[in-house]
Amino acid sequence: MTSSAEPVIDANLAVTLDALLTEQSVTRAAARLHTSPAAMSRTLARLRRILQDPLLVRAGQTMVPTPRAQALREETAAVVRRLGALLAPGTGVDLAVLRSTFTLQAADLVGAALAPGMLRMARQEAPGISLRFRAEELEAGPALRDGRIDLEIGSIDHVDPETRIEELVTLRMAVAVRPGHPLTEGTLTPDRLAAADHVVVSRRGRFTGPLDAALAERNLRRRVAVVLPSHMAAMTLAARSDIVCLIPTAPPGSVPSPLTDPATTLGLRLLDIPLPLPPLTIGMAWHPRHAADGGHHWLRNAVRRTLHAPGGSTA
């Protein structure tokens, strides 16, 4: 016996189709939806398969719509307008009576930095909210899409067409060592840094990172004594041995970052790295279906306030 499955309706495809038919350009449509041209091209290919029509075809230096695309243009625009009205903010949410659990995916250091401040805010503003932090174990794009996580926080390295991404803070890496560590005496040079024993934090067990590339430019190589999957474990090890750990901290003159608090609690000394390293940008990603949800709006704003991101969007 065979049965036909119910069609899967993806409202994001309507939004993407509207942008493509309006802009008649993959690049301009991608800019309009704040995604990459490559991601937009993949979605256009998916739309072509679903609708069994090329939709936009090359004509010299431009793209022109097919007759099917022209027939869909007004109807698509109307659907997107109705979706916008459906998702527009209503009367808001009463945080005092809201009962909800939000799942956030973040590295342990980010979770440790966020949890205390966000719990204080929840007690004061939304006492019925509970927070569940997950390790970075799920592929964030699909997990956000299907609701297994509500918010991803950290170094966002994926760009799905529908994912909303907001940069929060930009940090720099610093050396963290125990008080009395030999590196705290005298000037910290690249040679002395390379000669020390290091711990690397990597969920995938990798031994190398940006510091290794910077040292290699000076024909230096550090000794990685151990790789751990947890920042907290790495800092605890550094506090109890001569192991060197790298942690994110705020740039000079900036508001102190809560990501440095665990190192301060462990009594670690922070030293400037005598090499140019790329900055670390912490951001958050969420699915657009949460854009108008009052509880999720509170969640995103609580993350911003906890990580001290002045001027951040309140979308």
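Residues numbered from 1 in each chain as written. Predicted model: local features only at pLDDT ≥ 70, side-chain atom pairs only at ≥ 80, totals over all residues. Heavy atoms only, no water.

Asks: Teacher, can you tell me more about the overall build of the protein here?
Replies: Within the protein, the secondary structure is distributed over 11 helices and 11 strands. Scored against the burial criterion, the 315 residues of the protein give a buried share of 43%. If you take every contact in the protein between residues at least 6 apart in sequence, the share linking residues at least 24 apart comes to 73%. Surface summary for the protein: the accessible area is close to 17,000 Å², and the carbon and sulfur share equals 53%. Side-chain charges of the protein comprise 35 positive and 30 negative groups, with the mean position of each set lying 1 Å from the other. (Helix = DSSP H or I, 4+ residues; strand = E, 2+ residues; numbered from the N terminus. Buried < 20%, exposed > 50% of the residue type's maximum accessible area, 1.4 Å probe, protein only. Contact = heavy atoms within 4.5 Å. Areas by Shrake-Rupley, 256 points an atom, 1.4 Å probe, with all protein chains shown as cover. Lys, Arg positive; Asp, Glu negative; His and termini not counted. Charge placed at Lys NZ, Arg CZ, Asp CG, Glu CD.)

Asks: In this structure, what is going on with helix α3 (residues 37-51)? I would like to understand it.
Replies: Because each turn of an α-helix spans 3.6 residues, side chains separated by three or four positions end up pointing in the same direction. In this model, α3 (15 residues) spans 21 Å end to end at C-alpha, consistent with the 21 Å of a helix rising 1.5 Å per residue. Within the sequence span of α3, burial applies to A39, M40, T43, L44, L47 and L51. Each buried residue of α3 sits inside an arc of 140° when the element is viewed along its axis, so together they form one side. The outward face of α3, more than 90 degrees from its buried face, is lined by the exposed residues R42 and R49. Q52 occupies a position one or two residues after α3 and carries a positive phi of about 55°. (Expected span 1.5 Å × (residues − 1). Arc of directions from axis to C-beta.)

Asks: I tried to follow the nonpolar core on my own but got confused; where do I start?
Replies: Across soluble globular proteins, nonpolar side chains show a tendency to be buried alongside one another. By size, the foremost hydrophobic cluster in this structure holds 39 residues, and its most contacted members are L104, I153, V303 and L307. With seven residues, the single largest contributor to this core is helix α5 (residues 108-125). A29, L44, L47 and L51 belong to the second-largest nonpolar core, a separate cluster that totals 17 residues. (Core = buried A, V, L, I, M, F, W, Y, C linked by side-chain atoms within 4.5 Å.)

Asks: Would you take a moment to explain α5 for this structure?
Replies: With 18 residues, α5 should reach 26 Å at 1.5 Å per residue; the first-to-last C-alpha distance of 25 Å fits that figure. The largest bend along α5 measures about 30° and falls at A115, with the proline P116 one to four residues further on. L109, V110, G111, A113, L114, A115, G117, M118, M121 and A122 are the residues of α5 that are buried. (Bend = angle between axes of the 7 residues up to and from the residue.)

Asks: I keep staring at the pattern of salt bridges and nothing clicks. Help me out?
Replies: Should their charged atoms come close, side chains of opposite charge can pair. The final tally for this structure, using the stated rule, is 11 salt bridges. With a shortest N-O distance of 2.8 Å, R304 and E166 are connected by a salt bridge. With R304 in helix α11 (residues 294-306) and E166 in strand β6 (residues 164-177), this residue pair connects regions lying 138 residues apart in the sequence. A salt bridge links D197 to R223; the nearest nitrogen and oxygen atoms lie 3.1 Å apart. On the criterion of sequence distance, the pair formed by D197 in strand β7 (residues 197-201) and R223 in strand β8 (residues 223-228) is long-range, its members being 26 residues apart. Take D197: its relative accessible area is 31%, and that puts it in the partly exposed class. Taken together, the salt bridges that share partners define one network made up of D18, E23, R28 and R32. (Salt bridge = Lys/Arg side-chain N within 4 Å of Asp/Glu carboxyl O.)

Asks: Explain the packing of α5 against helix α9 (residues 231-239) here, please?
Replies: Pairs of packed helices are described in terms of their axes, by the angle between the two and the distance that separates them. At a minimum axis separation of 7 Å, α5 and α9 run at an interaxial angle of 90°. By the angle between their directions, the pair α5 and α9 is classed as roughly perpendicular. Residues D108, L109 and A112 of α5 pack against H231, M232 and M235 of α9. When grouped by side-chain class, the residues that make up the contact of α5 with α9 number four nonpolar, one polar and one charged. (Axes fitted to C-alpha atoms, helices over the stretch in contact; angles between N-to-C directions. Parallel < 35°, antiparallel > 145°, perpendicular 65-115°, else oblique. Nonpolar A, V, L, I, M, F, W, Y, C, P; charged D, E, K, R; others polar.)

Asks: I tried to follow the confidence of the model for the protein on my own but got confused; where do I start?
Replies: Predicted coordinates in regions of low pLDDT should not be interpreted in detail. When pLDDT is averaged across the protein, the result is 87; 92% of the residues are at 70 or more. For the stretch residues 1-6, pLDDT sits under 50, and the model shows zero contacts to residues farther than four places along the chain or on other chains. The low-confidence segment residues 309-315, where pLDDT is below 50, has 14 contacts with residues more than four positions distant or belonging to other chains. (pLDDT = per-residue confidence, 0-100.)

Asks: What is the right way to read the pairing of strand β11 (residues 280-286) from this model?
Replies: Regular strands place side chains that alternate from one sheet face to the opposite one. Among the seven residues that make up β11, five are buried, leaving the element largely enclosed by the rest of the structure. Summarising the sheet, strand β5 (residues 151-154) and β11 pair through three bridges and their orientation is antiparallel. Directly across from E152, in β11, lies its bridge partner A285. Of the strand pairs in this sheet, β6 and β11 are connected by seven bridges, and their pairing is antiparallel. The partner of E167 across the bridge, within β11, is G283. (Pairing = 2+ DSSP bridges.)

Asks: I tried to follow unusual backbone geometry on my own but got confused; where do I start?
Replies: Leaving glycine aside, a negative phi is the common case for residues, and trans is the common case for peptide bonds. The phi dihedral of Q24 falls on the positive side, at around 50°, and the residue is not glycine. Here Q24 shows up in the loop between α1 (11-23) and α2 (26-32). Judged by its relative accessible area of 23%, Q24 falls in the partly exposed class. Of note in the backbone geometry, N219 takes a positive phi value of approximately 55° without being a glycine. Assignment of secondary structure puts N219 in the loop between α8 (210-216) and β8.

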